[in-house]
Amino acid sequence: MGGYGFYVWGSYLVTLICIAGELVLVFNRKRTLLKHLSLIHQSNKQEKRNETAS
């Protein structure tokens, strides 16, 4: 690599870390979104039960 191996492999390593970090962030966002949607759905079901019971 003509003396540039450290730079080349370092660049690959930084890129790999960034991609892995982005994947972790995406999965965390998805989990949070699904949790919020579940809470909204449960809240809507509860409101409908309360309306029909009245």
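In this report, we go over the structure that sits alongside the text. (Residues numbered from 1 in each chain as written. Predicted model: local features only at pLDDT ≥ 70, side-chain atom pairs only at ≥ 80, totals over all residues. Heavy atoms only, no water.)

## So, the overall build of the protein
Logical step 1: Within the protein one finds one helix and zero strands.
Logical step 2: Computed over the C-alpha atoms, the radius of gyration of the protein is 24 Å, more than 25% above the 10 Å expected from 2.2 N^0.38 for a compact globule of 54 residues.
Logical step 3: Taking all 54 residues of the protein together, 2% fall into the buried category. (Helix = DSSP H or I, 4+ residues; strand = E, 2+ residues; numbered from the N terminus. Rg over C-alpha atoms; globule rule 2.2 N^0.38 Å. Buried < 20%, exposed > 50% of the residue type's maximum accessible area, 1.4 Å probe, protein only.)

## Things to note about the pattern of salt bridges
Logical step 1: According to the stated counting rule, one finds one salt bridge in the structure shown.
Logical step 2: Residue glutamate 22 pairs with arginine 29 through a salt bridge whose shortest N-O separation is 3.9 Å.
Logical step 3: Look at glutamate 22 and you get partly exposed, because its relative accessible area is 42%. (Salt bridge = Lys/Arg side-chain N within 4 Å of Asp/Glu carboxyl O.)

## Observations concerning a nonpolar patch on the surface
Logical step 1: On the surface, a cluster of nonpolar side chains totalling about 380 Å² of accessible area is made up of Leu33, Leu34, Leu37 and Ile40.
Logical step 2: Looking at the secondary structure, you find leucine 37 in helix H1 (residues 5-53).
Logical step 3: Accessibility expressed as a relative area gives 45% for leucine 37, which makes it partly exposed. (Patch = residues over 30% accessible without salt bridge, like charges linked within 9 Å, V, L, I, M, F, W, Y side chains within 5 Å. Areas by Shrake-Rupley, 256 points an atom, 1.4 Å probe, with all protein chains shown as cover.)

## Points about the environment of serine 43
Logical step 1: Along the chain, serine 43 falls in helix H1.
Logical step 2: Taking the C-alpha atoms as reference points, serine 43 and lysine 30, separated by 13 residues in sequence, lie 20 Å from one another.

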